[in-house]
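Each chain is listed here by its residues.
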Amino acid sequence: MVMLQRCVFKRIQQLYSGNQASTKSLLSGFSTALLQGHRPAACRNISSLPDVKEKTLVVVKPDGVQRSLVGQIIQRFEQRGFKLVGLKMLQVSEDLLSQHYCQLRTKPFYPTLVHYMTSGPVVVMVWEGYKVVETSRMMVGHTNPAEAQAGTVRGDFSIHVSRNVVHASDSPEGAQREIQLWFEGKELLNWDSCYQTSTCEV
Ligand code: UDP
Ligand code: MG
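Participant: Looking at this structure, how should I read the site of ligand 1?
Facilitator: In the region of ligand 1, the neighbouring residues are Lys61, Tyr101, Leu104, Phe109, Leu113, Arg137, Thr143, Arg154, Val161 and Asn164. In the model, an oxygen atom of ligand 1 is placed 2.9 Å from a nitrogen or oxygen of the lysine 61 side chain. The contact in question runs from an oxygen atom of ligand 1 to an N or O atom on the side chain of threonine 143, over 2.4 Å. Contact with the protein chains hides 77% of the accessible area of ligand 1, taken as 510 Å² for the molecule alone. When atoms are counted within 2 Å of each cavity's grid points, the one that captures over half of ligand 1 is the largest pocket. Its residues placed into classes, the shell around ligand 1 shows five nonpolar, two polar and three charged.

Following this line, the structure appears as structure tokens:
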């Protein structure tokens, strides 16, 4: 992004190279730090705060992928103000799924859940931000879409518990376990979003 900004500024400078005064007035609206290629002070070191760095795992399940809902689901998390730090598409193995849903293995619906979750590709994401686990659960809505409120992902996009479109971790500890299961450390990106100071006092 900074590279892009520098290119734009350079181009403006080239265009107005014959007129120093115009160039100066044109660029006066941009911060010196940006012109010099530095990040604004407000963007530095903010991700070192633990509550701002809370992470959760969100999975668009096979029905969500089949129904082309991936973009709309990502948009909701972006729009809310969370930061995407990991993203990939994969066909989940039964082995990974049995670890992911280890507490549900004895449930009567477990075989149909495995069949559903392995029926096609899923899109797995890690989202980061203040109280992201709790907020994501609210955004995703009740497990049973018939009871999910309108405005939640499940309440807006699904009707039956057997096809409820999305998964979100239910506790910070659960999120940590699930993230380690689905992602290698190097697949998660530690980056500073300049929107962060607009979404949270840090
Ligand atoms: N599930 C199901 N039937 C049920 C309960 C759950 O098929 O009666 C599936 C559903 O896909 C759900 C998943 O199992 O999302 C995991 O269940 P959990 O209770 O953990 O709900 P969640 O955390 O996804 O809301
Ligand atoms: Mg659950």
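Participant: How should the nonpolar core be read in this particular structure?
Facilitator: Where a protein is soluble and globular, its nonpolar side chains tend to be buried together. Ile73, Phe77, Met125 and Trp127 are the most contacted members of the largest nonpolar core, which has 22 residues in total. Where this core is concerned, the elements lending two or more residues are strand 1 (55-60), helix 5 (70-80), strand 3 (122-128), helix 8 (132-140), helix 9 (153-157) and strand 4 (166-168). Leave out the neighbours within four places in its chain, and methionine 125 touches Thr56, Leu57, Val58, Val60, Ile73, Ile74, Leu84, Gly86, Leu87 and Phe183. By size, the runner-up hydrophobic cluster in this structure holds 18 residues, among which are Val59, Leu96, Tyr101 and Tyr110.

Participant: Sorry if this is basic, but what is going on with the packing of aromatic side chains here?
Facilitator: In this description, a pair of aromatic rings is defined by centroid distance and the angle of the planes. Throughout the structure, instances matching the rule amount to one aromatic pair. A ring pair is formed by phenylalanine 77 and tryptophan 127, whose centres lie 5.4 Å apart and whose planes are at 25°; its orientation type is stacked. You can see phenylalanine 77 sitting in helix 5 and its partner tryptophan 127 sitting in strand 3, a full 50 residues away along the chain. For the pair phenylalanine 77 and tryptophan 127, one class covers both residues: buried. If you follow lysine 88 out to its NZ or CZ, it ends over the ring of phenylalanine 183, 4.6 Å from the centre.

Procedures and definitions
Residues numbered from 1 in each chain as written. Chains lettered and ligands numbered in written order. Predicted model: local features only at pLDDT ≥ 70, side-chain atom pairs only at ≥ 80, totals over all residues. Heavy atoms only, no water. Near = heavy atom within 4 Å. Polar contact = N/O pair within 3.5 Å; in protein donor to acceptor, adjacent residues only side chain to side chain. Areas by Shrake-Rupley, 256 points an atom, 1.4 Å probe, with all protein chains shown as cover. 1 Å grid on protein atoms, 1.4 Å probe; cavity = no way out; pocket = protein on both sides within 12 Å on 5 of 7 lines; lining within 4 Å. Sits in = over half its atoms within 2 Å of the grid points. Nonpolar A, V, L, I, M, F, W, Y, C, P; charged D, E, K, R; others polar. Core = buried A, V, L, I, M, F, W, Y, C linked by side-chain atoms within 4.5 Å. Buried < 20%, exposed > 50% of the residue type's maximum accessible area, 1.4 Å probe, protein only. Helix = DSSP H or I, 4+ residues; strand = E, 2+ residues; numbered from the N terminus. Contact = heavy atoms within 4.5 Å. Phe/Tyr/Trp six-rings, centres within 6.5 Å; stacked < 30°, edge-to-face > 60°. Lys NZ or Arg CZ within 6 Å of the ring centre and 35° of its normal.

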